[in-house]
Amino acid sequence: MKRLKKETDTQYKNQIRSRGDKIFDAIVYLLLGLAGLIVLYPLVYIVSASFSTPADVVSGRVVLFPVNPTLLAYQQVFKNKRILSGYANTILYSAVGTLISLTVTILAAYPLSCKRLVGRGLFSKLFIFSTLFSGGLIPFYLVVKNLGLLYTRWAVVLPVALNVFHIILMRTHIQTAIPSEMLEAAEIDGCSHVGKLFYMVLPLSGSMIAVLVLYNVVGQWNSYFNAMMFLKDQDMYPLQIILRDILVMNSVSSDMTVNISEMILKQGLADVLKYALIVVSSAPLLIVYPFIQKHFVKGVMMGSMKG
Amino acid sequence: MKTKIRNVNGTNGTKADKKIMRQKMRQRMWQDRQLYIMISIPLIFLFLFSYWPMYGVLISFQKFSPTRGVFGSKWIGLSNFKRFFSTPSATRTITNTFRISLYSLIAGIPFPILLAILLNECRGGRYKKAVQMITYAPYFISTVVMVAILFQLLDPRTGLVNVFLNKLGIGPVSFMTDQSLFRSVYVWSGLWQTTGFNAIIYISALSAIDQELYEAARIDGANRLQKIWYIDLPGILPTFTIMFIMSCGSIMSVGFEKVYLMQNSANLAVSEVLSTYTYKMGLINLDYGYSSAVGLFNSIINTLFIVLVNTISRRTSETSLW
């Protein structure tokens, strides 16, 4: 299929292109370039600003590249204990949350993929209905409270562990990518469901599991709402909550700037610190994603196949 | 059905057949017991975090006190709803929610489709890949960081945008506190963040279009604009319909996270939406019953909307979610 497409592509290229065609191509290139620039410029500016001196940023001398490059802001960021503990917490929540969510997803997806399961339709309906109607914020909060999860780390990972969209993705994968004849043959040979899950389904689901790991890690890394609602103890805060305090609510704490003379502070060290913080907190995902984007796209496409 | 049973067992007594059927079913369920044990774990999660809160919705009809619980609290009928609709907050939050989501729904339609078609038309492989990669990078930026970027770049004194505007001789614009600009800042920053990602689904729809159609169009002498108009756009229509239905389902639920972070006392008149109001009434004022009633109203509207749009779509275009 891919080769066929390539062949038609080269056919196109070999054809003598009309003038209208050339103009059309030029417009396509131009518009795409524009779209790329609109997205890229703010990102480049933020990185450059984070490496520049406060005075240059505030006065608008930083346009594209860093002016008088310095690591001042980064030194301050990495000295900050709250940011480091937030980082550690986020990594912890991402890891544990992903593990739990993945387990729950697979335990739901495999039974739902077995066509002979009595009650399968009912189970599916129960899962789907929960996506159409929700009890709302307060009843949800009260449930977490009644379960005794409030103000514990579990409140960040357990309530979001079940994700119906993920279950549908995994189930579709099992149904389409794993030949049912193979599973049937295993059953005739006396293999139990647990055996089939461990020896056949899981080894053949590597790519889908990678997609789900991604979704979970990105989701957990970027979320702040549950932590804001359910946590009280500063030591448990994930990075996003700490970012919110510093970046949005403007509480640059004194321990971040205490060592620097007041004059520089006035000239906007706070600003540069914020740029550095934006970079430090977003960099892991932005650096990793070009390598994993193939899987991410695959997940989206699988999801659309269902629709 | 009855004849079917007879055929299977070769006997006539339907009662006995049913008994055999039931026995067989039980046998099969016993064989599949491992499956039931597996699915019981996700079901526990489902009931705890989805269905228990649905039951908890009952407190909307109560003067709820946490110490007494759902059983002990006093039932007050629709008073909580009446109270909500009698306050000026009701019309204000409902209109705000509706205007913000309608704005982002409509503004969000053309750009992902346009980007997908442009990428599809682009012949330079590397250039195409680079643009694609860049445009969906912002999707990975968290809401908190996104709002922080807005605050930084739009800062009236030091922000990049205002530094530019200053050079052009336009006075500083206070984007984050200006009521008339709130919606635009919200919607366009959202588009900046999600257009590339939302285009993926259309790109995959475009790649699924039958190549023979293009071949036929070429033989008929269609130019590229005509190919886009007569093949590409109809080809992605089913995908578009599904996406549209899904966004209609959330028309009354402007995502809490971003609005809440962008809120300040200056723009509250246009930025207070149902979800932030529910949060404040419930978890800050601790008015559980009342807040839950507002949330329930919101949930019901959402469900109604998605069912309505789905029905209309099924009748008119035969594309639907269910």
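Residues numbered from 1 in each chain as written. Chains lettered and ligands numbered in written order. Predicted model: local features only at pLDDT ≥ 70, side-chain atom pairs only at ≥ 80, totals over all residues. Heavy atoms only, no water.

Tallying each qualifying case throughout the model produces twelve salt bridges over all chains. In this structure, the salt-bridge partner of B:Arg123 is A:Asp25, at a minimum N-O distance of 3.3 Å. In this pair, B:Arg123 is assigned in the loop between helix 7 (110-121) and helix 8 (125-135) and A:Asp25 in helix 2 (residues 19-50), connecting two distinct chains. A relative accessible area of 26% means that B:Arg123 is categorised as partly exposed. Ionic contacts of the salt-bridge type, sharing partners, join the residues A:Asp21, A:Asp25, B:Glu121, B:Arg123 and B:Arg224 into one network. (Salt bridge = Lys/Arg side-chain N within 4 Å of Asp/Glu carboxyl O. Helix = DSSP H or I, 4+ residues; strand = E, 2+ residues; numbered from the N terminus. Buried < 20%, exposed > 50% of the residue type's maximum accessible area, 1.4 Å probe, protein only.)

Moving on, we come to the environment of B:Ile109. Residues and elements named next belong to chain B. Following the sequence through the fold, Ile-109 ends up in the loop between helix 6 (88-107) and helix 7. With relative accessibility at 27%, the residue Ile-109 sits in the partly exposed group. Taking the C-alpha atoms as reference, Ile-109 lies 33 Å from Ser-291; in sequence the two are 182 residues apart. Setting aside residues no more than four positions away along its own chain, Ile-109 makes contact with Phe-240 and Phe-244. (Contact = heavy atoms within 4.5 Å.)

We now examine the environment of B:Lys74. All names here are of chain B. Checked against the element boundaries, Lys-74 lands in strand 2 (residues 74-75). Look at Lys-74 and you get exposed, because its relative accessible area is 53%. Sequence-wise, Lys-74 and Leu-225 are 151 residues apart; in three dimensions their C-alpha atoms are separated by 66 Å. Dropping the residues within four chain positions of it, Lys-74 is found in contact with Phe-61, Gln-62 and Lys-63.

Another point: helix 6 of chain B. Taking 1.5 Å as the rise per residue, helix 6 of chain B with 20 residues should run 28 Å; its terminal C-alpha atoms sit 29 Å apart, in good agreement. Considered for burial, the residues of helix 6 of chain B that qualify are B:Ser89, B:Ala90, B:Thr93, B:Asn96, B:Thr97, B:Ile100, B:Ser101, B:Leu105 and B:Ala107. (Expected span 1.5 Å × (residues − 1).)

Take the confidence of the model for chain A next. Averaged over every residue, the pLDDT of chain A is 84; residues scoring 70 or more account for 85%. Taking the mean pLDDT of every element in chain A, the minimum, 48, falls on helix 15 (residues 254-257) of chain A and the maximum, 95, on helix 5 (residues 81-113) of chain A. (pLDDT = per-residue confidence, 0-100.)

A separate point is the interface of chain B and chain A. Residue-level contacts link 90 residues of chain B with 97 residues of chain A. Counting each side, the surface lost to burial between chain B and chain A is near 8,800 Å², with a carbon and sulfur contribution of 75%. Connecting chain B to chain A are four salt bridges. For B:Arg224, the salt bridge is made with A:Asp21, and the minimal N-O distance between the two is 3.2 Å. There are 21 residue pairs in polar contact (both at pLDDT 80 or more) connecting chain B and chain A. Per-class residue counts for the side of chain B that touches chain A are 63 nonpolar, 17 polar and ten charged. (Buried area = accessible area lost by both parts, 1.4 Å probe. Polar contact = N/O pair within 3.5 Å; in protein donor to acceptor, adjacent residues only side chain to side chain. Nonpolar A, V, L, I, M, F, W, Y, C, P; charged D, E, K, R; others polar.)

What follows concerns the domain arrangement of chain A. By a widely used convention, the size of an interface equals the accessible area lost when the partners come together. Residue and element names in this part refer to chain A. Taken domain by domain, chain A holds domain 1 (2-50) and domain 2 (73-304). The interface of domain 1 with domain 2 comprises five residues on the first partner and seven residues on the second. Buried area between domain 1 and domain 2, summed over both chains or domains, comes out near 490 Å², and the portion from carbon and sulfur atoms is 76%. Of all residues in domain 1, Ile-46, Ala-49 and Ser-50 bury the most surface against domain 2, accounting for 78% of the area lost on that side. Remark: the boundary between domain 1 and domain 2 carries zero salt bridges. Grouping the amino acids of the side of domain 1 that touches domain 2 by side-chain chemistry returns four nonpolar, one polar and no charged. (Domains from an automatic or database assignment.)

Between two packed helices, what matters for the description is the angle formed by their axes and the separation of those axes. In the contact formed by helix 7 (residues 137-146) of chain A and helix 17 (residues 288-317) of chain B, the axes pass within 8 Å of each other and the chain directions differ by 125 degrees. Classified by the interaxial angle, the pair formed by helix 7 of chain A and helix 17 of chain B is oblique. Contacts between helix 7 of chain A and helix 17 of chain B involve A:Ile138, A:Pro139, A:Tyr141, A:Leu142 and A:Lys145 from the first element and B:Tyr288, B:Ser291 and B:Ser292 from the second. In terms of residue class, the contact of helix 7 of chain A with helix 17 of chain B is made up of five nonpolar, two polar and one charged. (Axes fitted to C-alpha atoms, helices over the stretch in contact; angles between N-to-C directions. Parallel < 35°, antiparallel > 145°, perpendicular 65-115°, else oblique.)

Right, let's get into a nonpolar patch on the surface. Residue and element names in this part refer to chain A. Nonpolar side chains collect at one region of the surface, where Ile-23, Ile-27, Leu-31, Leu-34 and Ile-38 lie side by side and expose about 450 Å² of accessible area between them. Relative to the helices and strands, Leu-34 resides in helix 2. On the basis of relative accessibility, which here comes to 47%, the residue Leu-34 falls in the partly exposed class. (Patch = residues over 30% accessible without salt bridge, like charges linked within 9 Å, V, L, I, M, F, W, Y side chains within 5 Å. Areas by Shrake-Rupley, 256 points an atom, 1.4 Å probe, with all protein chains shown as cover.)

A word on the nonpolar core. Counting 156 residues, the largest nonpolar core has A:Phe127, A:Met229 and B:Tyr279 as its most contacted members. Broken down by element, the residue count for this core peaks at 14 residues, all from helix 16 (residues 262-306) of chain A. Counting only domains with at least three residues in this core, you end up with domain 1 (2-50) and domain 2 (73-304) of chain A. Among residues more than four places away in sequence, those in contact with B:Tyr279 are A:Leu137, A:Phe225, A:Met228, A:Met229, B:Phe256, B:Tyr260 and B:Ile284. Core analysis: the next-biggest nonpolar cluster, separate from the first, contains 23 residues, B:Leu115, B:Ile203, B:Ile209 and B:Ile228 among them. (Core = buried A, V, L, I, M, F, W, Y, C linked by side-chain atoms within 4.5 Å.)

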